[in-house]
Amino acid sequence: VTDQAFVTLATNDVYCQGALVLGQSLRNHRTSRKLAVLITPEVSSGLRSVLRSVFDEVIEVNVLDSADSVHLALMQRPELGVTFTKLHCWTLTHYSKCVFMDADTLVLCNVDELFDREEFSAAPDSGWPDCFNSGVFVFRPSLKTYNLLLQFAAEHGSFDGGDQGLLNSFFSNWATADIGKHLPFLYNLSSSAVYTYVPAFNHFGRDAKVVHFLGATKPWNYKYNLQTKKVMQDGTIDGSLHQLSFLSLWWNIYSASILPLLEKLQKMEESEPEECKVTDKGVNKVAHSVSELSIHFKPQEPIPEDERKKWEEGRIDYMGKDAFEHIKKKLDAFLH
Ligand SMILES: O=c1ccn([C@@H]2O[C@H](COP(=O)(O)OP(=O)(O)O[C@H]3O[C@H](CO)[C@@H](O)[C@H](O)[C@H]3O)[C@@H](O)[C@H]2O)c(=O)[nH]1
Ligand SMILES: [Mn+2]
């Protein structure tokens, strides 16, 4: 089926890691639909090429690129920036129907049956079940809907500051109008909801189809040991076993399928002539994103506190001791 697609969004190299795992999980479960990812100019050239090896389409959108008065009204509302970006999925009019999935979701099985649903279908939000969660939804691309959404955003904003509030106000009859547009919660199981109703999770959880790592801490923020293949718990993680098994699954896909792609990219970039390396901003950006990940790998010698802090704050000395070569060596040490 070429006129239907799963669509996700990544506005930076870090969210790209999530998008890649999601895309890979859809491939692993043999989706018959196309895979598309929306990116913004901030995404580095290196990660774009990695995205292209998992997705059928990598589509750059600008954070604000609507050419009408709505655009101007939205410019006064910078806080709606990321929200606006998700709305771009309605512009993919070369598809007749799509399923949007957040970059922090993961499919556990083939979910192509979602395309039997109509716009606007979504699963209840675990925090307020009369609202849907906007991490997984079925929609029909349409410039008309897109423009109505922008206009709505400019006029009413979003009650939660994000796309979820906006979309719930726009598709305001979702809660009551048509039960066919209520996706089962199993299609958007928030990993945190697992604790709020443990018996239900124990009873129904085995049928989960999509996990959503909603909230501030994403899978890529946890530590993972590539040797033991375990997500490391060090006190700060409120460690439910179920949560941990979903996290392990995310990291297993990441280490088995995504890290090799990143490594291949690094090798290719290293073989480029030296002048090229210095001038191509993409290389540094990839080094940056890889280093962000590598801080999660257990260092063989403890990193002095101020060094670690520098890394975590993204202040990386590319040309000096944190140069690409060094970061790569560190990665290799954990990979082999
Ligand atoms: O800096 C960012 C932030 C978000 N995203 C994309 O936007 C999605 C939503 O952001 P996320 O961090 O996943 O939000 P959640 O923790 O899931 O929080 C909720 O609130 C968001 C804002 O309303 C909704 O978009 C989500 O669907 C909803 O689950 C991400 O998955 C990405 O696809 C980016 O690309 N870059
Ligand atoms: Mn999310």
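Going by the structure above, here's the rest.
Residues numbered from 1 in each chain as written. Chains lettered and ligands numbered in written order. Predicted model: local features only at pLDDT ≥ 70, side-chain atom pairs only at ≥ 80, totals over all residues. Heavy atoms only, no water.

Undergrad: Quick rundown of the overall build of the chain? Include the residues and the values.
TA: Assigned secondary structure in the chain consists of 14 helices and 11 strands. Scored against the burial criterion, the 336 residues of the chain give a buried share of 51%. With the model as given, the accessible surface of the chain reaches about 15500 Å², and the carbon-plus-sulfur share is 54%. (Helix = DSSP H or I, 4+ residues; strand = E, 2+ residues; numbered from the N terminus. Buried < 20%, exposed > 50% of the residue type's maximum accessible area, 1.4 Å probe, protein only. Areas by Shrake-Rupley, 256 points an atom, 1.4 Å probe, with all protein chains shown as cover.)

Undergrad: Can you lay out the coordination of the manganese ion (ligand 2) for me, pointing to particular residues and giving the numbers?
TA: The coordination sphere of the manganese ion (ligand 2), as far as protein atoms go, consists of Asp-102 (OD), Asp-104 (OD), Asp-104 (OD) and His-212 (NE2), spread over 2.2 to 2.4 Å. If you look at the manganese ion (ligand 2), its six donor atoms make angles of 57 to 171 degrees with each other, and the shape they trace is irregular. Site description for the manganese ion (ligand 2): donor spacing in sequence, D-x1-D-x107-H. (Donors = N, O, S within 2.8 Å, 3.2 Å for Na, K, Ca; no water. Tetrahedral: all angles 85-135°; square planar, octahedral: opposite > 155°, others 65-115°.)

Undergrad: Break down the sheet that holds strand E8 (residues 189-190) for me, citing the residues and quoting the values.
TA: Taking strand neighbours across the sheet as the criterion, the three strands line up as E5-E9-E8 in an open arrangement whose pairing is mixed. Either end of the sheet is taken by a strand with one partner, and the two such strands are strand E5 (105-107) and E8. Bridge analysis of E5 against strand E9 (residues 210-212) gives three bridges, and the strand direction is antiparallel. Bridging across to E9, Thr-105 finds its partner in His-212. (Pairing = 2+ DSSP bridges.)

Undergrad: So what about the packing of helix H1 (residues 13-28) against helix H2 (residues 45-54)? Which residues, and what values?
TA: Where H1 contacts H2, the two axes come as close as 9 Å, and the packing angle between them is 10 degrees. Relative to H2, the element H1 is oriented roughly parallel. The two elements H1 and H2 meet at a crossing, and its hand is left-handed. Contacts from Asp-13, Cys-16, Gln-17, Ala-19, Leu-20, Gly-23, Gln-24 and Arg-27 in H1 reach Leu-47, Val-50, Leu-51 and Val-54 in H2. For the contact of H1 with H2, the per-class residue count stands at seven nonpolar, three polar and two charged. (Axes fitted to C-alpha atoms, helices over the stretch in contact; angles between N-to-C directions. Parallel < 35°, antiparallel > 145°, perpendicular 65-115°, else oblique. Left-handed = near helix turned anticlockwise from the far one by under 90°. Contact = heavy atoms within 4.5 Å. Nonpolar A, V, L, I, M, F, W, Y, C, P; charged D, E, K, R; others polar.)

Undergrad: Which residues make up the site of ligand 1, and what values do they have?
TA: Neighbouring residues of ligand 1: 21 residues in total, closest Leu-9, Thr-11, Tyr-15, Asp-163 and Gly-215. A distance of 3.0 Å separates an oxygen atom of ligand 1 from a polar atom in the side chain of Asp-102. Protein chains shield 81% of the accessible area of ligand 1, which is 650 Å² for the free molecule. The set of elements that each furnish at least two residues to the shell around ligand 1 consists of strand E1 (4-10), helix H4 (81-87), strand E7 (132-139) and helix H6 (163-170). Broken down by element, the shell around ligand 1 gets its largest block of residues, three residues, from E7. (Near = heavy atom within 4 Å. Polar contact = N/O pair within 3.5 Å; in protein donor to acceptor, adjacent residues only side chain to side chain.)

Undergrad: Break down the packing of aromatic side chains for me, with residues and values.
TA: Summed over the entire model, instances satisfying the criterion amount to 20 aromatic pairs. Pairing Tyr-15 with Trp-220 gives two aromatic rings, centres 5.3 Å apart and planes at 75 degrees, and the pair type is edge-to-face. In this pair, Tyr-15 sits in helix H1 while Trp-220 sits in the loop between E9 and strand E10 (223-225), placing the two residues 205 residues apart along the sequence. With relative accessibility at 33%, the residue Tyr-15 sits in the partly exposed group. Taking 4.9 Å as the distance between ring centres and 10 degrees as the angle between the ring planes, the aromatic pair formed by Tyr-224 and Trp-251 counts as stacked. Note that Tyr-224 is positioned in strand E10 and Trp-251 in helix H10 (residues 241-270), a separation of 27 residues in sequence. In this pair, the class of Tyr-224 matches that of Trp-251, namely buried. (Phe/Tyr/Trp six-rings, centres within 6.5 Å; stacked < 30°, edge-to-face > 60°.)

Read these as geometric descriptors, not functional statements.
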